[in-house]
Amino acid sequence: MEKTTTEVYWTAIRHPKFGDRPLYLAATKQGLCRITWPNESFDTLTTWVVKYIPGAVLTNDQEPLSEYVGQLKEYLEGARQTFDLPLDMRGTKFQTAVWQALTRIPYGETRSYSDIAGEVGSPAAVRAVGTANGANPIPIVVPCHRVIGKNSALTGFRGGLQVKQELLRLEGFEDFTLEGHARFQF
């Protein structure tokens, strides 16, 4: 019996919102599986692939990623509010349930960690939701930036709070700051 090797295609994109730092995108034939934040390196991508897709071959090829790159750039330019992309979510059953719930948060809206915990049927699992949110391998497309604290506070964010603030601002949240407790003023 011959073992099939999974090919993971990757590319780097740069966008003015992130300065000169690249985002790395990766996809399998099943769909988009990873986007790194600007504060993460290519090593972050390779370490993730080794852990979640053992034996995979990484191939730098923008062609299979062109639709993913195009939609992501449209979003970052303010020309897209929803994504229509196949996703290859790799995580535990609980994590993927949380990530699926994140995809249902509409553009320009936020939810609390407790809202998501209730939606996935585990209302007491607020911390676990936070952990799953932080482990989201496909940020922006799976909008973990739309999850805030129950008291409307911007909370810890793997991509950095400035990135979270910028993404929320892109979606219409103008009246908040990172100063002090970084609370939204609705």
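Thresholds applied
- Residues numbered from 1 in each chain as written.
- Predicted model: local features only at pLDDT ≥ 70, side-chain atom pairs only at ≥ 80, totals over all residues.
- Heavy atoms only, no water.
- UniProt positions renumbered as here; feature names shortened; annotations may be inferred.
- Helix = DSSP H or I, 4+ residues; strand = E, 2+ residues; numbered from the N terminus.
- Axes fitted to C-alpha atoms, helices over the stretch in contact; angles between N-to-C directions.
- Parallel < 35°, antiparallel > 145°, perpendicular 65-115°, else oblique.
- Contact = heavy atoms within 4.5 Å.
- Nonpolar A, V, L, I, M, F, W, Y, C, P; charged D, E, K, R; others polar.
- Pairing = 2+ DSSP bridges.
- pLDDT = per-residue confidence, 0-100.
- Domains from an automatic or database assignment.
- Buried area = accessible area lost by both parts, 1.4 Å probe.
- Salt bridge = Lys/Arg side-chain N within 4 Å of Asp/Glu carboxyl O.
- Polar contact = N/O pair within 3.5 Å; in protein donor to acceptor, adjacent residues only side chain to side chain.

The subject of this paragraph is the UniProt feature "active site" (unreviewed entry) in the protein chain. The positions UniProt marks with the feature "active site" (unreviewed entry) are Cys144. Along the chain, Cys144 falls in the loop between helix H5 (126-134) and strand S6 (147-148).

Here we come to the packing of helix H3 (residues 93-103) against H5. Contact geometry of H3 with H5 gives a least axis separation of 9 Å together with a crossing angle of 75°. The orientation of H3 with respect to H5, classified from their angle, is roughly perpendicular. Along the contact surface, H3 presents Phe94, Gln95, Val98, Trp99 and Leu102, while H5 presents Ala128, Val129, Ala132 and Asn133. For the contact of H3 with H5, the per-class residue count stands at seven nonpolar, two polar and no charged.

Across the sheet, which stays open at both edges, the four strands sit in the order S3-S2-S1-S4 with mixed pairing between neighbours. Because the sheet does not close on itself, it has two edges, and the strands there are strand S3 (31-35) and strand S4 (57-60). Each strand of the sheet is rotated relative to its neighbour by a mean of 30°, with strand direction disregarded. Lying on the sheet, helix H1 (residues 42-52) is in contact with strand S1 (7-13), strand S2 (23-28), S3 and S4; it crosses S3 at an angle near 130°.

So, about the confidence of the model for the protein chain. The predicted model of the protein chain has a mean per-residue pLDDT of 89, with 91% of residues at 70 or higher. This stretch, residues 177-186, has a pLDDT under 50; its non-local contacts, to residues over four places away or in other chains, come to 26 contacts.

Attention shifts here to the domain arrangement of the protein chain. When the parts of a complex come together, some accessible area is lost, and that lost area is often used as the size of the interface. On domain assignment, one finds that the protein chain holds domain 1 (7-77) and domain 2 (93-181). Here the C-alpha centroids of domain 1 and domain 2 sit 21 Å apart. Between domain 1 and domain 2, the contact holds 15 residues from the first and 18 residues from the second. Summed over both sides, the interface between domain 1 and domain 2 buries roughly 1,400 Å², with carbon and sulfur atoms accounting for 69% of that surface. Here Lys17 and Glu166 are joined by a salt bridge, their closest N and O atoms 3.3 Å apart. Remark: the boundary between domain 1 and domain 2 carries six residue pairs in polar contact (both at pLDDT 80 or more). Broken down by secondary-structure element, the contributors of at least two residues to the side of domain 1 that touches domain 2 are S3 and helix H2 (66-76). Per-element tally for the side of domain 1 that touches domain 2: the top contributor is S3, with four residues. Here the side of domain 1 that touches domain 2 is built from residues that sort into eleven nonpolar, one polar and three charged.

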